[in-house]
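The residues making up each chain are set out below.
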Amino acid sequence: MKNSADPLPQGIEIGALSRIIRQHFADRIEQVIHPLGLTLGQWTVLRELKRTPGASASELARAAVHTPQAVSRLVRTLQEEGLVERSPARGRVVDNHLTAKGHKVMDETFTQIEARLAPALEKFDRANTEEFRRLSHLLIEALEDPA
């Protein structure tokens, strides 16, 4: 992939590799969700609501790496599509939940996305997957550390 005679600095190489991996995953996810009329941003919000029912827009924004304003727009659109329902929670905070239709869409997309990724990921055994997860979390923690 890279010319070993002209190596990139470690941080730049890790960042570039992460971007390439992200793009490959995004491409496969979009192949599944676009026919359903979903954008990657909308699907990301739905995925986070599947993982964290009742999340507020600001909680979704942190998890989905979007601004709270962008997430609020995405949630409103998803609500209009019947995929998300909103309810008052704490003060001005609004809880967001998947509807039955939203759960069905997410279950279907998860199955289809896993099928699209399976050929590429069959090279990863359980140990590889756990090591990748461990190293990814280590990097995320290091990058989130304000020091």
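A quick note: this is a predicted structure, and the numbers were derived from the prediction, not measured.

*Asks:* Can you walk me through the nonpolar core in this structure?
*Replies:* Counting residues in each nonpolar core, the largest one holds 25 residues, and the members touching the most others are Leu38, Trp43, Val45 and Leu46. Counting only elements with at least two residues in this core, the list comes to helix 1 (10-33), helix 2 (40-51), helix 3 (57-64), helix 4 (68-80) and helix 5 (100-121). Per-element accounting of this core gives the leading share, 5 residues, to helix 2. Ignoring anything within four residues of it in the chain, the contact list for tryptophan 43 reads Ile29, Ile33, Leu38, Met106, Thr109, Phe110 and Ile113.

*Asks:* Would you explain the pattern of salt bridges in this entry?
*Replies:* Here the idea is simple: oppositely charged side chains can pair when their charged atoms come close. Tallied over the full model, the rule gives 6 salt bridges. The residue lysine 104 makes a salt bridge to glutamate 108 at a minimum N-O spacing of 3.5 Å. With lysine 104 and glutamate 108 both in helix 5 and 4 residues apart, this pair spans about one turn of that helix. Close ionic contact of arginine 134 with glutamate 131 constitutes a salt bridge, the shortest N to O distance being 3.0 Å. Here the residue arginine 134 and the residue glutamate 131 both occupy positions in helix 6 (residues 126-144), the gap between them amounting to 3 residues, near one helical turn. Judged by its relative accessible area of 45%, arginine 134 falls in the partly exposed class. On the accessibility criterion, glutamate 131 (37% relative accessible area) is partly exposed. Connected through salt bridges with shared partners, the residues Arg47, Glu48 and Arg51 form a single ionic network.

Reading guide: rules and limits
- Residues numbered from 1 in each chain as written.
- Predicted model: local features only at pLDDT ≥ 70, side-chain atom pairs only at ≥ 80, totals over all residues.
- Heavy atoms only, no water.
- Core = buried A, V, L, I, M, F, W, Y, C linked by side-chain atoms within 4.5 Å.
- Buried < 20%, exposed > 50% of the residue type's maximum accessible area, 1.4 Å probe, protein only.
- Helix = DSSP H or I, 4+ residues; strand = E, 2+ residues; numbered from the N terminus.
- Contact = heavy atoms within 4.5 Å.
- Salt bridge = Lys/Arg side-chain N within 4 Å of Asp/Glu carboxyl O.

Keep in mind that these numbers describe shape and distance, not what the molecule does.
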